[in-house]
Amino acid sequence: MSVDGEAVRLADEVQADEPGWEVDPDDEWGVAVVATVGRQLKLRREAAGMRASDFAAAVKYGEDLVYKVEGGRRIPRPEYLEKADEVLGAGGLIAAMKEDVAKVRYPKRVRELAKLESQAVEISLYSNHNIHGLLQTEDHMRALFDVWLPAHTEAETERMVAARLARRSVFERSPAPMLSFVQEEVTLRRPVGGTMVWRRQLERLLELGKLRHVSIQVMPTDVEDHFGTGGLIEVLKFADGTAVGRSDGAFAGRPVTDPKQLRILELRYGMIRAQALTPRESRAFIEQMLGES
């Protein structure tokens, strides 16, 4: 199984006034999808006898953007395809492309990680720097991305937020996977985004903790013999008995599938869970934090 669960940072240069994103040249499938959509749009526009400038005026987007979309250099947003379908009288055929185009919006590595999460029957996650992305509220995400350096453009932030929000569908799957999270206390105490955003984030943790298939535990800062000093740990198990894992402090941070290496990550995660507060104690801990704020 080919996996790459490493976090990805987007670096596409997008003008804030252009409703779309640049295509990642290393994403072969994404490039093919966007190129196909662009060709279809151009063929239909020419068949309708419309110049690019006339079409741009009709859909109320810039002519430069029209050329980029038709040339497969820009990922069109859903509203662009909807307007194009209406203007060209495509009867829904252009608008139907939204599903494939929506997948291309997210970076290749994020799509691969989301695919793995959608297939896993058990997911174990330990986070020590930030609240894990699957647990974050939208405002919390934005606050985190806003302080990254060098600064992101608004379009970059929107793309990253959309990709992370899409992964939260893992909580709604049926049958539901078992989800286990261990969070360092410091990640809960840091008021990312200000008091109101921080409080809503803690409330989100309490909401998710009520789900029968979700376990959230807090690792107290004052634990002396801490087995999580190696950093983040992720272990995903699948129905066929295979698994994939990754840790900042093991195997050069690479995703691993070898049973011997996975046992090491599982051992570390098991010891971390044993040191952390129980889910019930963790819930009381979070409620206390809310009460003190």
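Anyway, here's the lowdown on the structure attached to this text. It should be emphasised that the depicted structure is a prediction, and the values quoted were computed from it without experimental measurement.

1. Details of the packing of helix α2 (residues 52–59) against helix α4 (residues 78–88)
Axis separation between α2 and α4 bottoms out at 9 Å; the angle between their running directions is 115 degrees. In terms of their interaxial angle, α2 and α4 are classed as roughly perpendicular. Here α2 runs over α4; the crossing is right-handed. Contacts between α2 and α4 involve Phe-55, Ala-58 and Val-59 on the former and, on the latter, Tyr-80, Lys-83, Ala-84, Val-87 and Leu-88. Taken together, the residues of the contact of α2 with α4 sort by class into seven nonpolar, no polar and one charged.

2. Quick word on the pairing of strand β4 (residues 178–184)
For a regular strand, side chains alternate in direction, first toward one face of the sheet and then toward the other. Across the seven residues that make up β4, a large majority, six, are buried. Across six bridges, the pairing between strand β3 (residues 120–127) and β4 is parallel. Of the residues in β4, the one forming a bridge with Glu-122 is Met-178. Summarising the sheet, β4 and strand β5 (residues 214–219) pair through six bridges and their orientation is parallel. Paired with Gln-183 across the bridge in β5 is Val-218.

3. Brief notes about helix α3 (residues 63–70)
Within the sequence span of α3, burial applies to Leu-65, Val-66, Lys-68, Val-69 and Glu-70. One or two residues past the end of α3 sits Gly-72, with phi positive at roughly 75 degrees.

4. Quick word on the packing of aromatic side chains
Enumeration over the complete set of coordinates arrives at four aromatic pairs. On the numbers, 5.3 Å between centres and 90 degrees between planes, the contact of Phe-145 with Trp-148 is edge-to-face. You can call Phe-145 buried: its relative accessible area is 2%. Residue class for Trp-148 comes out partly exposed when judged on its relative accessible area of 31%. Arranged with centres 6.4 Å apart and planes meeting at 25 degrees, the rings of Phe-171 and Phe-181 form a pair that is stacked. Of this pair, Phe-171 sits in the loop between α8 (154–167) and β4 while Phe-181 sits in strand β4, placing them 10 residues apart in sequence. The same class applies to Phe-171 as to Phe-181, namely buried. An aromatic cluster is defined as three or more aromatic residues linked by ring pairs; in this entry it consists of Phe-55, Tyr-61 and Tyr-80.

5. Thoughts on the nonpolar core
Membership of the largest hydrophobic core comes to 27 residues, with the highest contact counts inside it found for Leu-135, Phe-171, Phe-181, Leu-188, Leu-202 and Leu-205. Of all the elements in the fold, those that place two or more residues in this core are β3, β4, α10 (195–209), β5, β6 (233–238) and α12 (279–292). Looking at this core element by element, the count peaks at five residues for α10. Excluding residues within four positions of it along the chain, Phe-181 makes contact with Leu-125, His-132, Leu-134, Leu-135, Phe-171, Val-214, Ser-215, Ile-216, Gln-217 and Tyr-269. With 24 residues, the next largest nonpolar core counts Phe-55, Ala-56, Met-97 and Val-104 among its residues.

6. Details of the side chain of Glu-70
Within the element layout of this structure, Glu-70 appears in helix α3. Overall, the relative accessible area of 8% leaves Glu-70 in the buried class. In this structure, Glu-70 is in contact with Gly-38, Arg-39, Leu-41, Lys-42 and Arg-45, ignoring residues within four places of it in sequence.

7. Observations regarding the pattern of salt bridges
Per the counting criterion, the structure on display carries 14 salt bridges. Among the salt bridges present, the one from Glu-266 reaches Lys-237, with a minimum N-O distance of 2.6 Å. Here Lys-237 lies in strand β6 and Glu-266 lies in helix α11 (residues 259–275), a separation of 29 residues in the sequence. By relative accessible area, which is 32% here, Glu-266 ends up partly exposed. In this structure, a network of salt bridges that share partners links the residues Glu-138, Arg-142 and Glu-158.

Reading the values: rules and limits
- Residues numbered from 1 in each chain as written.
- Predicted model: local features only at pLDDT ≥ 70, side-chain atom pairs only at ≥ 80, totals over all residues.
- Heavy atoms only, no water.
- Axes fitted to C-alpha atoms, helices over the stretch in contact; angles between N-to-C directions.
- Helix = DSSP H or I, 4+ residues; strand = E, 2+ residues; numbered from the N terminus.
- Parallel < 35°, antiparallel > 145°, perpendicular 65-115°, else oblique.
- Left-handed = near helix turned anticlockwise from the far one by under 90°.
- Contact = heavy atoms within 4.5 Å.
- Nonpolar A, V, L, I, M, F, W, Y, C, P; charged D, E, K, R; others polar.
- Buried < 20%, exposed > 50% of the residue type's maximum accessible area, 1.4 Å probe, protein only.
- Pairing = 2+ DSSP bridges.
- Phe/Tyr/Trp six-rings, centres within 6.5 Å; stacked < 30°, edge-to-face > 60°.
- Core = buried A, V, L, I, M, F, W, Y, C linked by side-chain atoms within 4.5 Å.
- Salt bridge = Lys/Arg side-chain N within 4 Å of Asp/Glu carboxyl O.

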